[in-house]
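# A closer look at the structure
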Amino acid sequence: MTARTLAYVALTIVGLVVVAQLVRTCDFTRDYGQLTRPSSYSISAVGLALFYETLTLTDLKPQRAFAGQNAWKPGPNQLVVLADPVLSLTRRPDLAEAPRLLVILPKYIYQDSLDKPAWLEQAQARKANHLGPLWRDLGLIDADAPPSEPDLTLTATPKEWPQTLAGHHPTFPAQTQLLREPALSPLIAAPEGLVLGERWRDQRQLLILADPDLVNNHGLGQGDNLALTMAALKVALPNGGEVIFDEPILSPPKPRARANPDLIGPVELPAGPEIIIFAQIFLAALLAAFSGGSRFGPPLKEDKVVDFGRKKLIDNSARLLERASRQKAVTQDYLAMIAKAAAKAARLPRGLSEAETLSRLDLIDRRFSLKKILGELARASSPTPKTCLEWAKKAYAWKARLESGSESGRRNN
């Protein structure tokens, strides 16, 4: 190989290694603002990123507050949304005293992805929710009352919603999480239980959303869910109100262990199964470089040589006709020549049209019809060379019988 080819190989390998290293180490969720894995701003199916960004198009001025990171106190015209109420109230118990509070109850047990913290690895509906402590924090159960759990059940989606807002009906998947709580006034409810309930206490408004599929990423766009959610916000907020999404900060995700702890810098050498991947990239780069060289791969297939001589002349003519894809036209001309020779051999009168000539020739020998072959040739869009050769042989043998009265000994010449 020349020096230029070697340079191309080296540059290709270096480029592929750099790209592979970026794919392994880059955090593709950083630009989206993902700070915690269980986050109300998550772009996963159970997150609320779509709800948040939809509100940015309205005058509700949505904001994000990070409990435990910065001090903030909700105002009377702000609706605090707790997408993870247990985590939020663990870090900030005073949020339970917010003037306006929307608590979204958990429905799923999910495992986040290690490679993409804002994505889910898997999610499944909870079989049981232990919300007794949360009910105490929200003031729905007195502190000295005996321990009990809210009546929160996962059941088949109701077919009728007699209690709803602005005439819109919610749309849920096969199973809906419904709540039975006498302390709440139903805003969106079915006979089996409520989805959204409200309670006023000491000038404080508490809203409980039993099923998060009404507002999460994969449910907000279903049916009338968006219109129903906006109607609920109008009930909860005065004119000029704002929405605050609380995101509890517990601890950042643990970084992955480096394959080579002694290596300093942003470049990390592959280890374990990654060596196989890099070896395949290296071999692919070598093959790509060698394929451009002058001595790599099978030899080029030579084209058929055009030679001289009578037999070669016939072969060359046939090959040129095959390349031009003019078999049909050549066959038509040949059969027309056969028709003229047969008319001369049969002593037909001159001046006959082509159709008259073919009709009279069919009457001479009923074992063969040149007119039929010409019709088949005309109907065929692209006859194969083998079919054209068969038609030509039959026509030639028929003409020879007319000329000599028997099979011609020259038909195979």
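Summary of the structure given here. In this numbering scheme, every chain counts its residues from 1 along its sequence in written order. Only residues with pLDDT of 70 or above have their local features reported here, since the model is predicted, and side-chain atom pairs are shown and tallied only from 80 upward, although totals for entire chains, interfaces and linings are computed over all residues. Heavy atoms throughout the structure, all of them, feed into the side-chain values; hydrogens and water do not.

Before going further, it helps to examine the pairing of strand E10 (residues 204-209). Remark: exposure states derive from per-residue accessible area (1.4 Å probe, protein chains only) relative to the maximum for the residue type, with buried under 20%, exposed over 50%, and partly exposed in between. Segments assigned H or I by DSSP are reported as helices when at least four residues long, segments assigned E as strands when at least two residues long, and all are numbered from the N terminus. Counting buried residues in E10 gives five out of six residues, a clear majority hidden from the surface. Pairing between two strands requires that DSSP report at least two bridges joining them. As paired elements, strand E3 (residues 100-104) and E10 share five bridges and run parallel to each other. Paired with Arg 100 across the two strands is Gln 205, which belongs to E10. Strand direction decides the pairing type here: strand E9 (residues 193-201) and E10, joined by six bridges, are antiparallel. Considered in E10, the bridge of Arg 199 is made with Leu 206. What sits between the antiparallel neighbours E9 and E10 is a turn of two residues, in which Asp 202 has the positive phi angle 55°.

This paragraph deals with the nonpolar core. As used here, the term nonpolar core means buried Ala, Val, Leu, Ile, Met, Phe, Trp, Tyr and Cys residues forming a set that is joined through side-chain atoms within 4.5 Å. The biggest cluster of nonpolar side chains holds 31 residues, and the ones touching the most others in it are Phe 51, Leu 102, Ile 188, Leu 196, Leu 209 and Phe 245. Among the secondary structure elements, those contributing two or more residues to this core are helix H2 (49-55), strand E2 (78-82), E3, strand E8 (185-190), E9, E10, helix H5 (225-236) and strand E11 (242-248). By definition, residues are in contact when any of their heavy atoms lie within 4.5 Å. What Ile 188 contacts, discounting residues up to four positions off in sequence, is Trp 161, Gln 163, Thr 164, Leu 165, Pro 170, Leu 194, Val 195, Leu 196, Leu 214 and Leu 228.

Glancing now at the packing of helix H10 (residues 370-379) against helix H11 (residues 385-404). Orientation is described by axes fitted as lines to C-alpha atoms, over the contacting stretch for helices, and by angles from 0 to 180 degrees between their N-to-C directions. At a minimum axis separation of 11 Å, H10 and H11 run at an interaxial angle of 165°. One finds that H10 runs roughly antiparallel with respect to H11. Considering the relative orientation of H10 and H11, their crossing is left-handed. Mapping the contact onto sequence places Leu 370, Ile 373, Glu 376 and Leu 377 in H10 and Trp 391, Lys 394, Ala 395 and Trp 398 in H11. Roughly parallel covers angles under 35 degrees, roughly antiparallel covers those over 145, roughly perpendicular covers 65 to 115, and oblique covers all other angles. Two helices cross in a left-handed way if the nearer one is turned anticlockwise from the farther one by less than a right angle. They cross in a right-handed way if the turn is clockwise.

Here we come to the side chain of Gln 205. When you line up the elements, Gln 205 lands in strand E10. Owing to a relative accessible area of 1%, Gln 205 belongs among the buried residues under this scheme. Polar contacts here mean pairs of N or O atoms no more than 3.5 Å apart (in protein, one a potential hydrogen donor and the other a potential acceptor; neighbouring residues in sequence count only if both atoms are side-chain atoms). A polar contact is formed between the side chain of Gln 205 and the side chain of Glu 198, at a distance of 2.6 Å. Setting aside residues no more than four positions away along its own chain, Gln 205 makes contact with Pro 99, Arg 100, Leu 101, Glu 198, Arg 199, Trp 200, Val 235 and Ala 236.

The next thing to look at is the pattern of salt bridges. Whenever Lys or Arg places a side-chain nitrogen within 4 Å of a carboxyl oxygen from Asp or Glu, that contact is recorded as a salt bridge. The full count for this structure, using the stated rule, is five salt bridges. Asp 94 is the salt-bridge partner of Arg 92, the closest N and O atoms lying 2.9 Å from each other. Taking relative accessible area as the criterion, Arg 92 reaches 13% and is therefore assigned buried. Salt-bridge contacts for Lys 107 lead to Asp 211; the nearest nitrogen and oxygen are separated by 3.0 Å. Placement of the pair is Lys 107 in the loop between E3 and strand E4 (108-112) and Asp 211 in the loop between E10 and H5, with a sequence separation of 104 residues. Of the two residues, Lys 107 and Asp 211, neither departs from the other in class, the shared state being buried.

Fair warning: the whole summary comes from geometry, so function is off the table for now.
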